[in-house]
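Report on the structure
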Amino acid sequence: MSELASDTAMVMAAGLGKRMRPLTASQPKPLVRVAGKPLIDHALDRLADAGVARAVVNVHYLADALEAHVKDRKQPAITVSDERDALLETGGGMVKALPHLPDPFFCLNADNIWLEGPRSGFHDLSQRWDPEVMDALLLVVPHSRAANFDGSGDFHMDGLGRLSRRRPGRIAPFIYTGIQLVSHRLLRDAPVGAFSTNVLWNRAIEEGRLFGASFTGEWFEVGTPQAIRPTEHALGRGHVF
């Protein structure tokens, strides 16, 4: 197995989970169960399987329940980044957690579910990573490998792997999976407080330093309660297509 670019991942778990209501009225979205397992455990198990040793998990909404759930986990070992006082969004969350994050680090959403391809997505990102030219490397997936997704896509990708935003009125071929490999350089001169990672990605796109790697597995959009049953059915079969 190829060497990983980082031994640490940040797991974004602080969101309010509004699209998953009413299931999130009394529990944080990362604890919503799919196929008998909380969403965050699907993500943490994939990290452990890939050999990622540490995970920094940010908490805000119903933080006590989430922190209690992850605190005794050994693989990966968990560090909590506490956002109880203020929800910092994705970009602000990374900045707050930066003292716990090596350069580079993986970052993923806590509500991700995917089936790996020939190799793990983390190893695909690691093999593709080039810190000389990249501020961030996003794992993206074509529409044909994205289950439950009905949007217009997020990115176009050129022959070198550089990403650009979906053009107005167009369908973009690639969807962001919620998984990326991030250089500290992406976070330089970051805004103070709450802000979206999109702010930093836009700057990286302008500088030609935002890249993508096409995921060879199968990815599931699990944003609403209606997406849970078809996802469970596909997981039970081991594939979706």
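Below is a summary of the structure that appears in this document. (Residues numbered from 1 in each chain as written. Predicted model: local features only at pLDDT ≥ 70, side-chain atom pairs only at ≥ 80, totals over all residues. Heavy atoms only, no water.)

**Quick look at the pairing of strand β12 (residues 174-182)**
Where burial is concerned, most of β12 is hidden: 9 out of the 9 residues are buried. As judged from the 4 bridges shared by strand β6 (residues 105-109) and β12, these two strands associate in the antiparallel manner. Residue pairing in the sheet places F105 in a bridge with V182 of β12. One ladder, built from 7 bridges, connects strand β8 (residues 136-142) with β12; its direction is antiparallel. In the sheet register, L139 faces β12, and the bridge partner there is I179. (Buried < 20%, exposed > 50% of the residue type's maximum accessible area, 1.4 Å probe, protein only. Helix = DSSP H or I, 4+ residues; strand = E, 2+ residues; numbered from the N terminus. Pairing = 2+ DSSP bridges.)

**Looking at the sheet that holds strand β9 (residues 146-147)**
Spatial strand order, β7-β14-β9: 3 strands in an open sheet with mixed pairing. The open sheet has two edge strands, β7 (113-115) and β9, and neither has a second partner. As judged from the 2 bridges shared by β9 and strand β14 (residues 218-220), these two strands associate in the parallel manner. Residue pairing in the sheet places A147 in a bridge with F220 of β14.

**Points about the pattern of salt bridges**
Inspection of the entire model under this criterion finds 15 salt bridges. A salt bridge links D41 to R73; the shortest N-O distance between them is 3.7 Å. Taken together, the residues span a long stretch of sequence, with D41 in helix α1 (residues 39-50) and R73 in the loop between α2 (63-70) and β5 (77-82) at a distance of 32 residues. Here D41 falls in the buried class, since its relative accessible area comes to 11%. With its nearest N and O atoms 2.9 Å apart, the salt bridge here joins D82 to R84. Salt bridges here are not isolated pairs; linked through shared partners, they connect D135, R185, R188, E207 and R209. (Salt bridge = Lys/Arg side-chain N within 4 Å of Asp/Glu carboxyl O.)

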